[in-house]
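# Geometric and topological summary
Spelled out from the first residue to the last, the chains are:
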Amino acid sequence: MNHAWKLSALCAAIVFGPAAMAQQAAAPAAAPAAAPAAAPAATPAAAPAPAWKQGMAEGQASSPLHPFAPHMTGRAASELPIDKLKVPAGFKVEVWAEGVPEARSLALGDKGTVFVSNRNLSNVYAIVDKDGKREVKTLFKGMNSPNGVVFDKGTLYVAERHRITRYDNIESQLDSPPQAVVVVDNLDPHKQPGHFWKYLAMGPDGKLYFNIGSPQNITMPTYMEAVIMRVDPKTGVLENYAQGVRNSVGMAFHPKTKQLWFTEHARDWIGDDMPSDELNVVSKQGEHFGFPYCFQGDFLDPQYGKNRSCADFTKPKLNLGAHVAPLGMRFYTGKMFPATYANNVFIAQHGSWNRTTKQGYNVVRVTMDGKGNAKSEPFLEGFMTDEKADPPMWGRPADVLQMADGSLLVSDDYNGIIYRVSYKK
C-alpha cells in the first residue's frame, strides 16, 4: 500500500491561461483570405515541487524518500499490534481512546475533558467519560488546520493556520459550543505552502505562544516566518519572541525556571545523519536559533551558512538525532511516576522520512544532571516494525499530555488513537 504523502494542499498549482492566438497575415486585396495558421497548443506549466522537496541537491530528484500520510479515517485498535509497545519496568501502556481521526495536539480541561486537534483534517474533538465509557465528541468542524489547542481558566484556544480563536466556558457547552471569538487574525497572509500549522502553549505571563514555521524546507524567511510568536489574548497584540526557528511543533514552560523550551525540526536533504533535530531553551526574548544559517549548533548550511558563524546563534539544549521529527513535549509534574521523573521532559517523536534507515517513532524522556546537561532515552517504543520498509511503522506519536492522576496520554495521528501510560509500584 502506497502511503506517499499527499501534499497538494500545501502547494497551490500554478495554471496559466491559453496562449495568445498567432496573428494572421493580411492577404492581398485581390486574393482570397488565407486560412489562419493553427496556433500551437499551449503547454501547461508544471506545478512547482511541493514544499518538502524544495532544497534538494543535484541528483536527489529521483530519491524514493517521501513523507507518510496518516490514515485519515483512523484505524481500530483491534487491528494494531498494541502488544508490541514497550515501556520501562513498572509502567503500563494501553489504549485510552480510539476513533479520533488524525489525533494531534492534546489539551486538558478543568473537568477532565481532553481536547484533540487535527492538522490535515478540519475538526477539534472533545473526549469525555460518560456512563463509565469514553465518548468522542466532534466539537468543531470545517476549521482550517486547527493543530494548536490549549485550555486555560475555563477557555479553550484553537490555533488554525490563519488565526487563533477562543471559546469561553467550553466544558459546560460541549454539545452546543459557543461562537468563535477571534484573538488574532491574518497569521498566514501569503498562504505559505509548508509548515503553516501551529502549536499553542499558555505562558506564565498569561500570553499565548505559538510557532510560524518556514514556508519551505530551506529558504530565507520573512519577519513573520521561522519564528515563535506570542499574543496577549486580552488585547490581540503580537510580539516576536524567538527567531531562526525552522519549525517547532511542541513547546512548554519549565515548572521552576519558567523558561520556554521547544522542539525544532532541522532541514531535509543534507543526508541521513545531518543535521540533528533539536530541543531548545529561550533564555530571553529576541534570541536567534540559527535558521537558515546554522543547524545543531555547529553545522553551517551549504547555501545560507556562507560567511556566517554558528557562534552568533543560540545553541541547542540537546541534539535529538537526524530527522526524528520531535513534536509535542511536556514537563512531568505529576505524582504517579517515580520521583526521579520530576520535571523531566517527555517528547513525542513522529519519526523520520528523509532518511534511508528510519528512526524516531517513539516517546523519549529527557533528563538533566546537576550541571544542566541534558540527555535523552527511550520511554515508549514499539511503533517501528522495519527501519528499511516503506512505511517502516504502524503508528506515530504526535503529542503527550499529563493527566490529573499523573498518567501520561500519547496521541497517534497515524491511527487516530490515544494511549495511556501509567505506573504502579
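Everything quoted here is computed from the prediction, not taken from an experiment. (Residues numbered from 1 in each chain as written. Predicted model: local features only at pLDDT ≥ 70, side-chain atom pairs only at ≥ 80, totals over all residues. Heavy atoms only, no water.)

## Some remarks on the layout of surface pockets
- Its volume calculated, the largest pocket comes out at about 730 Å³.
- Val150, Phe151, Met202, Arg330 and Leu401 are, among the 27 residues lining the largest pocket, the residues nearest its centre.
- The set of elements that each furnish at least two residues to the lining of the largest pocket consists of strand 2 (106-108), strand 6 (148-152), strand 10 (200-202), strand 14 (251-253), strand 21 (326-331) and strand 25 (397-402).
- Among the elements that make up the lining of the largest pocket, the one with the highest residue count is strand 6 (four residues).
- A class-by-class count of the residues in the lining of the largest pocket yields 17 nonpolar, five polar and five charged. (1 Å grid on protein atoms, 1.4 Å probe; cavity = no way out; pocket = protein on both sides within 12 Å on 5 of 7 lines; lining within 4 Å. Points joined across faces, edges and corners; volume = space filled by probe spheres on them. Helix = DSSP H or I, 4+ residues; strand = E, 2+ residues; numbered from the N terminus. Nonpolar A, V, L, I, M, F, W, Y, C, P; charged D, E, K, R; others polar.)

## Some details on the pairing of strand 6
- The element strand 6 is extensively covered by neighbouring structure, given that four of its five residues are classed as buried.
- Note: strand 6 against strand 7 (residues 155-159), five bridges, orientation antiparallel. By the bridge assignment, Asp152 is partnered in strand 7 with Thr155.
- Hairpin connection of strand 6 to strand 7: two residues between the antiparallel strands, including Lys153 at a positive phi of 50°. (Buried < 20%, exposed > 50% of the residue type's maximum accessible area, 1.4 Å probe, protein only. Pairing = 2+ DSSP bridges.)

## Focus: the nonpolar core
- Ranked by internal contacts, the top residues of the largest apolar core, which has 30 residues, are Leu85, Phe337, Phe346, Phe379, Leu380, Tyr419 and Val421.
- Looking at this core, the elements with two or more residues in it are strand 1 (91-98), strand 22 (345-349), strand 24 (374-380), strand 26 (408-412) and strand 27 (417-423).
- It is strand 27 that provides the largest number of residues to this core, a total of three residues.
- Setting aside residues up to four positions removed in sequence, Phe337 forms contacts with Phe91, Tyr332, Phe346, Phe379, Gly406, Ser407, Leu408, Val421, Ser422 and Tyr423. (Core = buried A, V, L, I, M, F, W, Y, C linked by side-chain atoms within 4.5 Å. Contact = heavy atoms within 4.5 Å.)

## Focus: the packing of aromatic side chains
- For the coordinates displayed, the defined rule picks out 25 aromatic pairs.
- Relative to Phe313, the ring of Tyr293 lies with its centre 5.6 Å away and its plane at 10°, an arrangement referred to as stacked. In this pair, Tyr293 sits in the loop between strand 17 (287-288) and strand 18 (294-295) while Phe313 sits in the loop between strand 19 (299-300) and strand 20 (318-322), placing the two residues 20 residues apart along the sequence. Both residues of the pair, Tyr293 and Phe313, count as buried.
- Arranged with centres 4.4 Å apart and planes meeting at 10°, the rings of Tyr332 and Phe337 form a pair that is stacked. Grouping residues by exposure puts Tyr332 and Phe337 together as buried. (Phe/Tyr/Trp six-rings, centres within 6.5 Å; stacked < 30°, edge-to-face > 60°.)

## Concerning the pairing of strand 5 (residues 133-140)
- Pairing of strand 4 (residues 124-130) with strand 5, which is carried by seven bridges, proceeds in the antiparallel orientation. Pairing of Ala126 across the sheet is with Lys137, part of strand 5.

## Some words on empty space enclosed by the protein
- Scanning all chains against the criterion turns up two cavities of 30 Å³ or more.
- In this structure, the largest cavity spans a volume of roughly 540 Å³.
- Arg119, His195, Trp197, His265 and Trp353 are, among the 35 residues lining the largest cavity, the residues nearest its centre.
- Per-class residue counts for the lining of the largest cavity are 16 nonpolar, 12 polar and seven charged.

## Things to note about the confidence of the model for the protein chain
- Considering every residue of the protein chain, the mean pLDDT works out to 91; 90% of them sit at 70 or more.
- Taken together, the stretch residues 1-32 has pLDDT below 50 and engages in 41 contacts with residues farther than four places along the chain or on a different chain. (pLDDT = per-residue confidence, 0-100.)

## Describing the environment of His350
- Following the sequence through the fold, His350 ends up in the loop between strand 22 and strand 23 (362-368).
- Note on His350: relative accessible area 10%, which makes it buried.
- Sequence separation between His350 and Gly328 is 22 residues; the distance between their C-alpha atoms is 9.2 Å.
- A distance of 2.8 Å separates the side chain of His350 from the side chain of Asp413, its partner in a polar contact. (Polar contact = N/O pair within 3.5 Å; in protein donor to acceptor, adjacent residues only side chain to side chain.)

## Overview of the side chain of Arg396
- Here Arg396 lies in the loop between strand 24 and strand 25.
- Here the side chain of Arg396 touches Phe68 through a polar contact of 3.5 Å, landing on its backbone oxygen.
- A distance of 3.1 Å separates a polar side-chain atom of Arg396 from the backbone oxygen of Gly351.
- Residues in contact with Arg396, not counting those within four places in the same chain, are Phe68, His350, Gly351, Tyr361, Phe383, Ser411, Asp412, Asp413 and Tyr414.

## Some points on the sheet that holds strand 15 (residues 260-264)
- Strand order in the open sheet formed by four strands is 14-15-16-20, and the pairing between neighbours is antiparallel. With partners counted over all chains shown, the strands left at the sheet margins are strand 14 and strand 20, one partner each. Each strand axis lies, on average, 20° off the axis of its neighbour in the sheet, ignoring direction.
- Relative to strand 20, strand 16 (residues 276-282) runs antiparallel, the two sharing four bridges. (Axes fitted to C-alpha atoms, helices over the stretch in contact; angles between N-to-C directions.)

## Let's talk about the pattern of salt bridges
- Tallied over the full model, the rule gives 19 salt bridges.
- Note that Lys153 and Asp152 form a salt bridge whose closest N and O atoms lie 3.6 Å from each other.
- Note on Lys153: relative accessible area 74%, which makes it exposed.
- One connected set of salt bridges, linked through shared partners, spans Lys92, Glu94, Asp405 and Arg420. (Salt bridge = Lys/Arg side-chain N within 4 Å of Asp/Glu carboxyl O.)

## Notes on the sheet that holds strand 3 (residues 114-116)
- If you trace the four strands from one edge of the open sheet to the other, you get 2-3-4-5, paired in antiparallel fashion. The outermost strands of the open sheet, each flanked by one partner alone, are strand 2 and strand 5. In this sheet, adjacent strand axes meet at a mean angle of 25° when their direction is disregarded.

## Description of the environment of Pro67
- Among the structural elements, Pro67 can be located in the segment before strand 1.
- By relative accessible area, Pro67 is classed as buried at 8%.
- Along the chain, Pro67 and Ser352 lie 285 residues apart, while their C-alpha atoms are 8.3 Å from each other.

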